[in-house]
Amino acid sequence: MKILAVLYKGGEAATQEPRLLGTVENQLGIRQWVESLGHEYIVTDDKEGSDSVFQKHIADAEVLITTPFHPAYLTKEIIEKAKNLRLCITAGVGSDHVDLNAAVDKRIQVLEVSGSNVVSVAEHVIMSILLLVRNFVPAHEMIERGDWQVSDIARNAFDLEGKVVGTIGAGRIGYRVLQRLVPFNTKELLYYDYAPLPEEAAKAVGARRVDDLKDFVSQCDVVTVNCPLHEGTRGLVNADLLKHFKKGAWLVNTARGAICDKDAVAEALKSGQLSGYAGDVWNVQPAPRDHVWRTMKNPLGGGNGMVPHYSGTTLDAQARYAAGTKSILENYLENRPQEPQNIIIGQSGYETKAYGQRK
């Protein structure tokens, strides 16, 4: 059996730090195990274009492993060429790089390591909210320049206490964000989700559900996006919705870049409709050098908290998703049932509502 893994190149850091398991160099820590079972294990970061290692080997691979941090985009066209493909494993969480409907049509199972990143991403969300609200990035850049003008920073720095914070999506990550916001004594915590939280869960964090998205964003000082990318959420935060945000609100997106309209966000930040935008997800990854989100600013020259996609690939998260990937692969090889929470597409189709209300 051929198992193909598309991971990100770790370079010198990966040779120095073996716990960087999600890299080409450290190969999820499973090469010896896979080869001991007599299987072929191809690992690459080369994923773009018809001549890439990815497209060359996907033609006869039975299993594809990839990550949200350097995703191999498995389009319908590529799936048509993948005659032997039976299983796609996301080493992490988020399988929108796969054309899921095409996978259903071809009876290809799609699984991910559910829960492997939830704490890591939730912590990153809190960090991103704080660095925007407290105007941290311009303050640090000022120190690096050798300058010292407190008023230039303090004019756009606020407390999180007393603000209204809302999450689009209150699943495993969104709910943990709400939990971590409780000690900040916000004015109110809101959530927008197709499914209401269980009564006790909502009560535990004091969160109120808002059914209408425009109404939801109009009430929030801070909006954080914590929902999967699918047909119903692609471009969800667009120019029209941004008009309904409170003027000067902050927006954090650690879910998927394509949930937010790239140019609409940049324009909203430039105009001051948004005071800040932060996150680690981009509509294309790796992001082009000229991507507008790299350099966009608010009218005061700040408000940009963008970083590479790493919130869910801390060393702790990598240990979890590497172990989870091995478990999924082991279950497949031994024809054992998979853990239900990991299944996006099973042998009979969609097994989750996370990618739209299909089941």
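The structure reproduced in this document is the subject of the present report. The model shown is predicted, which means the values in this text are computed figures rather than measured ones.

**Concerning the nonpolar core**
Then comes step 1: The biggest cluster of nonpolar side chains holds 34 residues, and the ones touching the most others in it are Phe216, Leu242, Phe245, Leu251 and Val265.
Then comes step 2: Going through the elements one at a time, β6 (164-168), α11 (213-219), β9 (222-225), α12 (239-242), β10 (249-253), α13 (262-271) and β11 (274-279) are the ones with two or more residues in this core.
Then comes step 3: Here Phe216 is in contact with Gly166, Thr167, Ile168, Leu190, Tyr191, Tyr192, Val210 and Val223, once residues within four sequence places are set aside.

**What to know about the packing of aromatic side chains**
The description of an aromatic ring pair uses the distance of the two centres, along with the angle that the planes make with each other.
Then comes step 1: A full pass over the atoms with the stated rule returns five aromatic pairs.
Then comes step 2: Summarising the aromatic geometry, the rings of Phe158 and Trp250 are spaced 5.6 Å apart at their centres and angled 65 degrees between planes, so their arrangement reads as edge-to-face. Here Phe158, found in the loop between α8 (150-154) and β6, pairs with Trp250, found in strand β10; they are 92 residues apart in sequence, far enough to count as distant.
Then comes step 3: Among the residues examined, Phe158 registers a relative accessible area of 35% and is labelled partly exposed.
Then comes step 4: Trp250 sits in the buried class, given a relative accessible area of 6%.
Then comes step 5: Its end group placed over the ring of Trp282, Arg294 keeps NZ or CZ at 5.9 Å from the ring centre.

**Observations regarding a nonpolar patch on the surface**
Then comes step 1: There is a patch of nonpolar side chains on the surface, built from Ile143, Trp148 and Val150 and spanning about 380 Å² of accessible area.
Then comes step 2: Note that Trp148 resides in the loop between α7 (136-145) and α8.
Then comes step 3: Accessibility expressed as a relative area gives 69% for Trp148, which makes it exposed.

**Details of the pattern of salt bridges**
Then comes step 1: Tallying each qualifying case throughout the model produces 14 salt bridges.
Then comes step 2: Residue Asp211 pairs with Arg209 through a salt bridge whose shortest N-O separation is 3.7 Å.
Then comes step 3: Of the residues examined, Asp211 reaches a relative accessible area of 61% and is grouped as exposed.

**As for unusual backbone geometry**
Then comes step 1: Omega for the bond connecting Gln285 with Pro286 falls within 30 degrees of zero, at 0 degrees, which places this linkage in the cis form.
Then comes step 2: Assignment of secondary structure puts Pro286 in the loop between β11 and β12 (304-306).
Then comes step 3: Not every positive phi belongs to a glycine, and Leu28 is a case in point at roughly 60 degrees.

**Considering α13**
Then comes step 1: Here α13 has its buried residues at Ala264, Val265, Ala266, Ala268 and Leu269.
Then comes step 2: Elements in contact with the buried residues of α13: α12, β10 and β11.
Then comes step 3: Measuring from the backbone nitrogen of Asp263 back to the side-chain oxygen at the start of α13 gives 3.2 Å, which picks out Asp261 as the cap.
Then comes step 4: Gly272, located one to two residues past α13, shows a positive phi value of around 95 degrees.

**Considerations on the pairing of strand β4 (residues 87-90)**
Then comes step 1: With burial as the criterion, each face of β4 is covered, one bearing Leu87 and Ile89 and the other bearing Cys88 and Thr90.
Then comes step 2: Considered for its hand, the β-α-β crossover made up of strand β3 (residues 63-66), helix α4 (residues 76-81) and β4 is right-handed.
Then comes step 3: Each parallel crossover has a hand, and the one from β4 via helix α5 (residues 100-105) to strand β5 (residues 109-112) is right-handed.

**Side note on the sheet that holds β3**
Then comes step 1: Overall, mixed pairing links the seven strands, which are arranged β2-β1-β3-β4-β5-β13-β14 in an open sheet. Every interior strand has two partners, whereas the edge strands, β2 (40-44) and β14 (349-350), have only one.
Then comes step 2: The strands touched by helix α14 (residues 315-333) within the sheet are β1 (2-6), β3, β4 and β5, with β4 carrying the most contacts at an inclination of about 165 degrees.

Rules and cut-offs
- All residue numbers refer to position in the chain's written sequence, counted from 1.
- With pLDDT at 70 or above as the cut-off, local features in this predicted model cover only qualifying residues; side-chain atom pairs require 80 or more to be listed or tallied, and sums for whole chains, interfaces and linings still use all residues.
- Hydrogens and water molecules were not included; the side-chain quantities draw on all heavy atoms of the structure.
- Here, nonpolar core means buried Ala, Val, Leu, Ile, Met, Phe, Trp, Tyr and Cys residues that are tied together by side-chain atoms lying within 4.5 Å of each other.
- Relative accessible area decides the class of each residue, using a 1.4 Å probe on protein chains only: under 20% of the type maximum gives buried, over 50% gives exposed, and in between gives partly exposed.
- Where helices and strands are cited, they refer to DSSP runs of H or I of at least four residues and of E of at least two residues respectively, numbered from the N terminus.
- Working rule for contacts: check all heavy atoms of both residues, and any pair within 4.5 Å makes them a contact.
- The rule is short: rings of Phe, Tyr and Trp, with Trp giving its six-membered ring, pair when the centres are within 6.5 Å, and they are stacked under 30 degrees, edge-to-face over 60, tilted in between.
- Should the NZ of a Lys or the CZ of an Arg lie within 6 Å of a ring centre and within 35 degrees of the ring normal, that charge is described as sitting over the ring.
- Patches in this entry comprise residues that are over 30% relatively accessible and not in a salt bridge; like charges within 9 Å are linked, as are nonpolar side chains (Val, Leu, Ile, Met, Phe, Trp, Tyr) within 5 Å.
- Areas reported as accessible are Shrake-Rupley estimates using a 1.4 Å probe. Residue values count occlusion only from the protein chains shown.
- Salt bridges are defined by distance alone: a side-chain nitrogen of Lys or Arg within 4 Å of a carboxyl oxygen of Asp or Glu.
- N or O atoms closer than or at 3.5 Å make up a polar contact, with two conditions inside protein: a donor-capable atom paired with an acceptor-capable one, and, for residues adjacent in sequence, both atoms drawn from side chains.
- Throughout, right-handed denotes a crossover for which the path from the first strand over the helix to the second runs clockwise when the strands point away from the viewer.
- Any two strands with at least two DSSP bridges between them are considered paired.
- Lines are fitted to the C-alpha atoms to define the axes, a helix being fitted only along its stretch in contact, and any angle between axes, read from their N-to-C directions, falls within 0 to 180 degrees.

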